[in-house]
Amino acid sequence: MKLTWAEFKARGLTKAEEKLEKAYAAGRPCVLSVRRPEAAEPDCAIRAEFLRFLILGYCNEGQVPKQGVRLSGAFIEGVLDISFSTVQGPIVLKRCNLSGGLIAKQSTLEMLRLDGSVVGHLDADSAVLRGHAMMRYGFECHGSLRLSGATIGGVLNCDGGSFFANSSGEAIVAEQLKATRWRVFTTWFSCLR
């Protein structure tokens, strides 16, 4: 069931969600922690559906601040699914734990930056990124990274990222991926079953 913004507010926001909402409204980054959290603690827990509301601008009549959503040190509870959406601003999730996964199938994004974050899986098949896709500096993907048919207008940068195979043995699936530039130096791939 999809909640409205009024329903979110009526149910109450976590301490971390309140901090993120204020930073988002002011067009500032929200830093919950300087470290990537391993568990959903009250100071860092953000529900995936709440983050989706902000990313898509549903809380502000579809208007996303030019700076987009910039969040550091959050534990995202659930699967962040922004499939089939057009996202106006950049998505910057630094040192976040998205163990539930990130799905952005057939979405149009300005930029996706996941530096230092961990994701359970990332599915961006047929997505269009107008800018960069950054998965650097300690980024970890513990399931498949899917970019089949995706187009990246900027740089795909995986410098310092680690990609682990899922149960089928696939770490990265990227047939017909189009990227303006690549940077994959010092990237670690594990295809062990």
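Please refer to the structure placed before this passage.
Our subject in this report is the structure included herewith. (Residues numbered from 1 in each chain as written. Predicted model: local features only at pLDDT ≥ 70, side-chain atom pairs only at ≥ 80, totals over all residues. Heavy atoms only, no water.)

### Overview of the packing of helix α2 (residues 15–26) against helix α3 (residues 48–56)
How two helices pack is summed up by the angle between their axes together with the distance between the axes. Cut-off, in case you're wondering: Between the N-to-C directions of two axes lies an angle of 0 to 180 degrees, each axis being a line fitted to C-alpha atoms and, for a helix, fitted only over the stretch in contact. Secondary structure elements follow DSSP: runs of H or I of four or more residues count as helices, runs of E of two or more count as strands, with numbering from the N terminus. Roughly parallel refers to an angle under 35 degrees, roughly antiparallel to one over 145, roughly perpendicular to one between 65 and 115, and oblique to any angle outside these ranges. Throughout, a residue-residue contact means that at least one pair of heavy atoms, one from each residue, lies within 4.5 Å. Charged residues are taken to be Asp, Glu, Lys and Arg, nonpolar residues to be Ala, Val, Leu, Ile, Met, Phe, Trp, Tyr, Cys and Pro, and polar residues to be all remaining types, Gly included.
Two numbers describe how α2 lies on α3: the axes approach to 11 Å, and their chain directions differ by 5 degrees. By the angle class used here, α2 and α3 are roughly parallel. Listed contacts from α3 to Glu 17, Leu 20, Glu 21 and Tyr 24 of α2 are Phe 50, Leu 51 and Leu 54. Across the contact of α2 with α3, the residue classes tally to five nonpolar, no polar and two charged.

### Notes on α3
Selection criterion: Relative accessibility decides the category of a residue: with a 1.4 Å probe and only protein chains considered, values under 20% of the type maximum give buried, values over 50% give exposed, and everything between is partly exposed.
Among the nine residues in α3, seven count as buried, and that is most of the element. Among all positions in α3, only Ala 48, Phe 50, Leu 51, Phe 53, Leu 54, Ile 55 and Leu 56 are buried. Looking one or two places after α3, you find Gly 57, whose phi comes out positive at around 75 degrees.

### Here's the deal with the sheet that holds strand β19 (residues 172–173)
Strand pairing within a sheet occurs via backbone hydrogen bonds; the two strands may be parallel or antiparallel. Note the cut-off: Strand pairing is assigned whenever DSSP identifies at least 2 bridges connecting the two strands.
Strand order in this open sheet of five strands is β5-β8-β12-β16-β19, and the pairing throughout is parallel. One side of each edge strand has no neighbouring strand; the edge strands of this open sheet are β5 (80–81) and β19. Pairing of β5 with strand β8 (residues 102–103) involves two bridges; the strand directions are parallel. Within β8, the residue paired with Leu 80 across the bridge is Leu 102.

### Digging into the state of the cysteines
Here is the idea: a disulfide is a covalent bond, and it sits between the sulfur atoms of two cysteines. Inclusion rule: The rule for a disulfide is simple: a pair of cysteine sulfur atoms within 2.5 Å.
Applying the stated criterion to the full structure yields zero disulfides. Left without a disulfide partner, Cys 30 is nearest to the cysteine sulfur of Cys 96, which lies 9.1 Å away. Left without a disulfide partner, Cys 44 is nearest to the cysteine sulfur of Cys 96, which lies 9.3 Å away. With a relative accessible area of 7%, Cys 44 lands in the buried category.

### Things to note about unusual backbone geometry
Residues other than glycine seldom take positive phi values, yet Phe 84 does so here, at roughly 55 degrees. Here Phe 84 lies in the loop between β5 and β6 (91–94). With relative accessibility at 59%, the residue Phe 84 sits in the exposed group. Of note in this structure, Ser 126 is not a glycine but carries a positive phi near 60 degrees. Looking at the secondary structure, you find Ser 126 in the loop between β12 (122–123) and β13 (128–129).

### Focus: α2
To keep things clear, this is the line we draw: Multiply 1.5 Å by the residue count of a helix minus one, and that product is the helix's expected span.
Taking 1.5 Å per residue as the helical rise, α2 with its 12 residues ought to reach 16 Å, and the 17 Å between its terminal C-alpha atoms agrees with that figure. When α2 is considered as a whole, its buried residues turn out to be Ala 16, Glu 17, Leu 20, Glu 21, Ala 23 and Tyr 24. If you follow the buried residues of α2, they end up packed against α1 (5–11), β1 (30–31), β2 (45–47), α3 and β3 (69–72). Trailing α2 by a residue or two, Gly 27 shows a phi angle of about 75 degrees, which is positive.

### Points about the pairing of strand β17 (residues 151–157)
β17 sits mainly inside the fold: five of its seven residues count as buried. Pairing analysis gives two bridges linking β13 to β17, with the strands arranged parallel. The residue bridging Val 128 from the neighbouring strand is Thr 151, located in β17. Where strand β14 (residues 133–134) and β17 come together, two bridges link them in parallel fashion. Across the sheet, Met 134 pairs through a bridge with Asn 157, a residue of β17.

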